[in-house]
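Single-letter residue listing:
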Amino acid sequence: MKIIETKNAVGTVLCHDITKIIPGEFKGVAFKKGHIVREEDIEELLKLGKDHLYVWEKKEGMLHENEAAERIKNHVAGNGLYFGNVKEGKIDFFAENDGLVSIDTEELLKANLIGELIISTIHNNTPVKKGEKIAGTRIIPLVIDEKKIIELETKCKEKFISVKKINSKKVAVITTGNEVFYGRIQDKFGPVIKSKVSEYKCEVISQVFSPDDKEKIKENLKKALESDAELVICTGGMSVDPDDMTPASIKEIGGELVTYGSPVLPGAMLLIAYKDGKTILGLPGCVMYAKRTVFDLVLPRILAEEKLTFEDIAKYGHGGLCLDCNICSFPHCSFGKGV
């Protein structure tokens with residue numbers, strides 16, 4: 001610290017709080033520690049009896065908390081974000097548009113192991129709305145050794161926090177099962193799929209019904225893949241019963257099978273495959289009746305143009321148990337947040 005005449009203090013940084021007292025009306029902080037003195041502050045400071053101030057004496061290699069926070073933000077923040085004003089060494093990150101939070105958690109850990117600086121985020125792969133707060137960074141001391149910031153800039157990848165755009169897609173639905181095809185029961189899956197995809201402004205452009213006949217299912221799959229649909233969703237025929245032909249049909253048309261099964265409850269019988277640059281999903285029966293399932297976890301990632309791998313799905317084991325809460329707060333809950 002150094003002492004400086006208040007009239008010469010513009011642009012300097014206060015090293016202590018300055019209190020304002022109006023008898024019988026107010027007593028509190030008028031200027032907080034870390035405040036950068038502005039021209040318009042001088043008169044008020046003099047009125048408070050502050051002809052001299054303790055201010056931070058800038059030294060080579062030391063950064064003020066606000067300057068350091070800006071450097072962290074500039075290094076780690078990627079696309080799809082806007083920011084609050086820097087204040088007391090803190091900057092908040094917000095979603096610029098509806099999208100999917102993308103965070104490299106390994107890089108985040110590296111940053112937080114440096115010490116004297118922090119980066120806090122919501123969970124990776126969380127769907128968010130425009131304006132939601134998704135992260136924040138803060139410097140712990142008033143001033144920080146620049147070596148700490150250089151260490152972050154050297155050790156951590158650039159732009160490891162972002163919000164990916166979620167794209168609306170055209171969807172084709174193939175519903176299999178003799179019970180629906182022959183009218184023994186009413187289809188309950190179609191309306192659920194339409195409701196789920198409409199959350200992301202997707203459109204179901206077709207729904208066809210197929211008996212438990214492998215050749216018929218394959219024929220419908222080929223037609224869907226040749227259509228304008230960008231995502232093909234199969235419902236029914238996903239269990240291990242002898243009448244369930246959907247997984248075999250997808251493989252026989254040349255689908256690249258990523259997984260048949262997921263460590264998510266509800267949603268263990270999920271199927272994901274790729275063919276001709278399009279994603280094929282085989283949905284388990286739980287999607288028809290459970291409020292939130294594995295479908296809610298993978299759909300936004302597919303719409304964000306991620307090509308999911310078996311490892312991506314395997315990681316859902318940590319956090320993959322839905323607690324079926326009486327009041328559902330998804331996506332801001334533990335479900336699917338181990339990744």
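Check the entry above for the structure.
The structure presented is a predicted model; accordingly, all values stated were derived computationally and were not measured. Position labels on residues start from 1 in each chain and follow its written sequence. Since the coordinates come from a predicted model, pLDDT governs what is reported: local features require at least 70, and pairs of side-chain atoms require 80 or more to be given and counted, while whole-chain, interface and lining totals use all residues. Water and hydrogen atoms play no part in the side-chain values, which are based on all heavy atoms of the structure.

### Quick notes on the overall build of the chain
Let me state the cut-off plainly: Under the DSSP-based scheme used, a helix requires at least four consecutive residues in state H or I and a strand at least two consecutive residues in state E, with every element numbered from the N terminus. The quantity called the radius of gyration is restricted to C-alpha atoms. Its globule counterpart is 2.2 Å times the number of residues to the power 0.38. Here's how the labels work: a residue is buried when its accessible area is under 20% of the maximum for its type, exposed when over 50%, partly exposed in between, all with a 1.4 Å probe on protein chains only. Here, residues are in contact when the closest pair of their heavy atoms is within 4.5 Å.
Across its full length, the chain holds 10 helices and 19 strands. The C-alpha atoms of the chain give 28 Å as radius of gyration, which overshoots the globular expectation for 339 residues (20 Å, by more than 25%). Counting only C-alpha atoms, the chain reaches 90 × 45 × 35 Å along its principal axes. A buried classification covers 46% of the 339 residues belonging to the chain. Put simply, 66% of the contacts in the chain that link residues at least 6 apart link residues at least 24 apart.

### Looking at the nonpolar core
Put simply, the rule reads: Grouping buried Ala, Val, Leu, Ile, Met, Phe, Trp, Tyr and Cys residues that are joined through side-chain atoms within 4.5 Å yields what is termed a nonpolar core.
Within the largest apolar cluster, 35 residues are counted, with the highest numbers of intra-cluster contacts made by Ile 193, Val 197, Ile 233, Ile 272, Leu 283, Phe 295 and Val 298. At the level of secondary structure, the elements contributing two or more residues to this core comprise strand S14 (170-176), helix H6 (189-198), strand S16 (231-235), strand S18 (271-275), strand S19 (278-283) and helix H9 (294-303). Sorting elements by how many residues they give to this core places H9 first, with seven residues. Listed in part, the 28 residues of the second largest apolar core include Ala 77, Ala 95, Ile 103 and Ile 161.

### What about the packing of helix H2 (residues 65-76) against helix H4 (residues 146-155)?
For any two helices packed against each other, one specifies the inter-axial angle together with the distance between the axes. Put simply, the rule reads: Throughout, an axis means a line fitted to C-alpha atoms (over the contacting stretch in the case of helices), and angles, computed between N-to-C directions, take values from 0 to 180 degrees. Orientation categories follow fixed angle ranges, with anything under 35 degrees roughly parallel, anything over 145 roughly antiparallel, 65 to 115 roughly perpendicular, and all other angles oblique.
Viewed as axis vectors pointing N to C, H2 and H4 meet at an angle of 5°, and their least axial separation amounts to 10 Å. Relative to H4, the element H2 is oriented roughly parallel. In contact with Ala 68, Arg 71, Ile 72, His 75 and Val 76 of H2, H4 contributes Glu 146, Ile 149, Ile 150, Leu 152 and Glu 153.

### So, the pairing of strand S3 (residues 26-31)
The cut-off we apply is this: In this description, strands pair whenever DSSP reports at least two bridges between them.
Here strand S2 (residues 18-22) runs beside S3; their pairing, made up of five bridges, is antiparallel. Its bridge partner lying in S3, Ile 21 is registered against Lys 27. Here S2 hands over to S3 after three residues, with Gly 24 in that stretch at a positive phi of 80°.

### Here we look at the sheet that holds strand S11 (residues 133-139)
Where strands meet in a sheet, backbone hydrogen bonds hold them as pairs that are either parallel or antiparallel. Strand order in this open sheet of four strands is S6-S7-S11-S9, and the pairing throughout is antiparallel. Both edges of this open sheet fall to strand S6 (81-83) and strand S9 (117-121), since each of them pairs with a single strand only. In this sheet, adjacent strand axes meet at a mean angle of 20° when their direction is disregarded.

### Concerning the sheet that holds S16
The strand order S15-S14-S16-S19-S18-S17 describes an open sheet built from six strands, whose pairing is mixed. With one partner strand each, in any of the chains shown, strand S15 (203-210) and strand S17 (256-260) form the two edges of the open sheet. In this sheet, neighbouring strand axes are inclined to one another by 15° on average, regardless of whether the strands run parallel or antiparallel. Both S14 and S16 contribute to a ladder of five bridges, which runs parallel. Note on S16: the bridge partner recorded for Val 173 is Ile 233. In the packing of H6 onto the sheet, the strands contacted are S14, S15, S16 and S19, and the crossing angle to S16 comes to about 145°.

### A look at the environment of Cys 322
Its place among the elements puts Cys 322 in the segment after helix H10 (310-314). C-alpha of Cys 322 to C-alpha of Cys 333: the two residues are 11 residues apart in sequence and 9.3 Å apart in space. When near neighbours in sequence (up to four residues on either side) are disregarded, Cys 322 contacts Leu 265, Pro 266, Arg 292 and Phe 335.

### Considering the packing of aromatic side chains
Just so we agree on the cut-off: In summary, the pairing rule links any two rings of Phe, Tyr or Trp, Trp by its six-membered ring, whose centres are within 6.5 Å, and it sorts them by plane angle into stacked for under 30 degrees, edge-to-face for over 60 and tilted for everything else.
One pass over the full model with this rule turns up four aromatic pairs. Note on Phe 83 and Phe 93: the rings are 5.2 Å apart at their centroids and 90° apart in plane angle, and the pair reads as edge-to-face. A residue pair is termed long-range when its members are at least 10 positions apart, and Phe 83 in strand S6 and Phe 93 in strand S7 (residues 90-95) qualify at 10 residues. Judged by its relative accessible area of 0%, Phe 93 falls in the buried class. With a centroid separation of 5.0 Å and 85° between ring planes, the pair formed by Phe 181 and Tyr 182 is classed as edge-to-face.

### Section: unusual backbone geometry
The linkage connecting Leu 265 with the following residue, Pro 266, adopts the cis geometry, with an omega of 0°. One can find Pro 266 in the loop between S17 and S18. Across the junction of Phe 330 and Pro 331, the peptide omega takes the value 10°, indicating a cis bond. Of note, Pro 331 is situated in the segment after H10. At Glu 88, a residue that is not glycine, the phi angle is positive and equals roughly 55°. For Glu 88, a relative accessible area of 22% translates into the label partly exposed.

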